[in-house]
Amino acid sequence: MGARRILGRLVSGGGGREHAIIRKIKESPDCGTVYCAPGNGGIASDAICVPEVKATDIEGAVKLAQEKKVDFVIVAPDDPLVAGMVDAMERAGIPAFGPNKAAAIIEGSKAFSKDLMKKYGIPTAKYEIFTQADPAIAYVRAQNEYPTVIKADGLALGKGVIIAKDEAEAITAITDMLEGNKFGASGSRIVIEQYLSGPEVSVLALTDGNIMRPLVSAMDHKRALDGDEGLNTGGMGTIAPNPAFTEEVAEKAMQRIFLPTMQAMNKEGRTFRGCLFFGLMVVAGEPYVIEYNCRFGDPEAQVVLPLLEGDLLRAMVATAKGELASVPLGRKAGSAACVVMASGGYPVAYESGKEISGLDAQGQAKGATVYHAGTKQLDGRFYTAGGRVLGVTNRGSDLNDALDQAYAAVKSISFEKAHYRHDIGRKAGGKYGH
Ligand code: AMP
Ligand code: GLY
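Described below are features of the structure shown in this document. (Residues numbered from 1 in each chain as written. Chains lettered and ligands numbered in written order. Predicted model: local features only at pLDDT ≥ 70, side-chain atom pairs only at ≥ 80, totals over all residues. Heavy atoms only, no water.)

**A closer look at the site of ligand 1**
Line of reasoning, step 1. Residues in close proximity to ligand 1 total 15 residues, the closest being Glu193, Gln194, Leu196, Glu200 and Glu291.
Line of reasoning, step 2. Taking Leu196, its main chain carries an N or O atom lying 2.8 Å from a nitrogen atom of ligand 1.
Line of reasoning, step 3. Within the contact set of ligand 1, an oxygen atom lies 2.4 Å away from a side-chain nitrogen or oxygen of Glu200.
Line of reasoning, step 4. For ligand 1, the accessible surface in isolation is 480 Å², of which the surrounding protein chains cover 91%.
Line of reasoning, step 5. Mapped onto the shell around ligand 1, the elements with two or more residues apiece are strand S7 (148-152), strand S8 (161-164), strand S9 (190-194) and strand S17 (286-293).
Line of reasoning, step 6. Among the residues forming the shell around ligand 1, the class breakdown is eight nonpolar, one polar and six charged. (Near = heavy atom within 4 Å. Polar contact = N/O pair within 3.5 Å; in protein donor to acceptor, adjacent residues only side chain to side chain. Areas by Shrake-Rupley, 256 points an atom, 1.4 Å probe, with all protein chains shown as cover. Helix = DSSP H or I, 4+ residues; strand = E, 2+ residues; numbered from the N terminus. Nonpolar A, V, L, I, M, F, W, Y, C, P; charged D, E, K, R; others polar.)

Spelled out as C-alpha cells, the structure:
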C-alpha cells in the first residue's frame, strides 16, 4: 500500500478575503497543504503562495492545480469566476468551489440580474436598461426624480455606480459611460434605477441550488472617510452581525429574496453553487436587492468567517457536489469587527513599499487577527503592496468589545501615510467615531 497522499487545496486570489478563507479552512482536519495564487506577504505565513499565477490567469491556475495534484480549488474573486475559472477546473477534472460562468453572470451583468429580479418578482429598485445615450437622457428627464442611480452593466472594480443628484450629473454619467467609454465594455450598457434609501446589509449565503444557508449578516463601510464621506472604495471595514437585519427582516429576505433567487437561477438553467452575496437595502422594514455578487465579500468575509461555527472546507466541498445539507453549520456568539488599514491616497493614487511596523514574524499583531490584503514579505519584514493593506479583525463578546480589540491593535501597527476609518460600527451602535 502506498503512503497516503497529502491533500492539496488551491485558493485563487490574493487579498484579505482570501486570507480569511484560508485561515478558516485550515481549521478543518481535512485541510492538507494550501496553495494560494497569487497570495500575498501575509498569506505566505498560512499557505504556499505562487505569485506568478495571477487571480485572472485561468490557464495558469489549471496548470498549477495539475502540477501540485490539487484535489479542490476555491475561486474567491469575481473576475475569474465571471471569466469561467470553475468551468475550466471542472473540464480538467478538478472539483472547485464557486459558480460556473453561466451562474456568475448574476454579478457579471447588472442588466441580467435586474431582468432576473423583474421576471421572478424579487424586490429591487425600479429600472430601465440602455445602450444609447439619447433615450437614456430622455428617460431620466421624463422620470425627473433625483437622486437617480446610473450603473455600468459589467464589472468595474466597484466604481461603476454613480448616484446623480441632478439632471446635469445624470447626463454626464450617461454620456461618460455610453459615449466616453469610461468603463470600457463594462459601461457599453447601463442600468438607470430608482434611488432607494435605508440601511444596507450584506448577507453571504452558501447555496448548492438545493438549499440556502445564509451566514451572519454584516455591514460594510464603503466610503473612504469617516462619516461616509469621500470616494467609494472596495470597503474600509466591516462589522457583524448587522443590527438592521432583524429576525423579521431576515425571514422576509429568505422568503422573498434568497429562496426565490436560488429557484430563479435553477429555472434559468444557471444553478448557482457557491457563495451568493446579497447586497440588501432595508427600506421602511422591507428588504430590497441592491446588488448580487457571486462570491464572498471583501471585507465581509473577514468578519463573517470568524463567527462561523463549523467546517468551512467540508461545507465548500459539499456545496460543489450539491450536498450542502449534509454539513452542519452554526454561528458563534458575539460580534466581529474589521478595521481596514489602507495606503494614504487610496482609492486614488497611493505609494507602495512602506515598511509596516508592529507585526510579528507571522504578520500578526497582539490581540487581533490581521488579514493581509496588500502586503509583501522580504527578509522577515512586511511592506505595503496595495491600496488596502491590512484588515485588523477581532471577535468580541459584543460589538464594542470587538471594536476595542480591533482598534487597540490598529494603534499598535504603523506605516507611512497609513489611513483608516475611526468610526467603523458607529451606524450599528458602536462607540467609535463619536
Ligand atoms: P453597488 O456597486 O451596486 O454595490 O453600488 C454601490 C453603492 O451604491 C451601494 O452600496 C449603495 O450604497 C449605492 N447604491 C446602489 N444602488 C442604489 C440605489 N438604487 N439606491 C441607492 N443607493 C444605491
Ligand atoms: N465589500 C463589498 C464587496 O465585496 O463587493
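Okay, back to it.
**With respect to a nonpolar patch on the surface**
Line of reasoning, step 1. Together, Val161, Ile163 and Tyr195 make up an exposed nonpolar region whose accessible area comes to about 240 Å².
Line of reasoning, step 2. Summarising the element assignment, Ile163 is placed in strand S8.
Line of reasoning, step 3. By relative accessible area, Ile163 is classed as partly exposed at 45%. (Patch = residues over 30% accessible without salt bridge, like charges linked within 9 Å, V, L, I, M, F, W, Y side chains within 5 Å. Salt bridge = Lys/Arg side-chain N within 4 Å of Asp/Glu carboxyl O. Buried < 20%, exposed > 50% of the residue type's maximum accessible area, 1.4 Å probe, protein only.)

**What about unusual backbone geometry?**
Line of reasoning, step 1. Each neighbour pair has its own omega, and for Tyr146 with Pro147 the value is 0°, a cis peptide bond.
Line of reasoning, step 2. As for its position among the elements, Pro147 is in the loop between helix H7 (133-143) and S7.
Line of reasoning, step 3. In this chain, Ala240 is followed by Pro241 through a cis amide linkage whose omega measures -5°.
Line of reasoning, step 4. A positive phi angle, close to 45°, is found at Ala284, a residue other than glycine.
Line of reasoning, step 5. Here Ala284 lies in the loop between strand S16 (274-283) and S17.
Line of reasoning, step 6. For Ala284, a relative accessible area of 77% translates into the label exposed.

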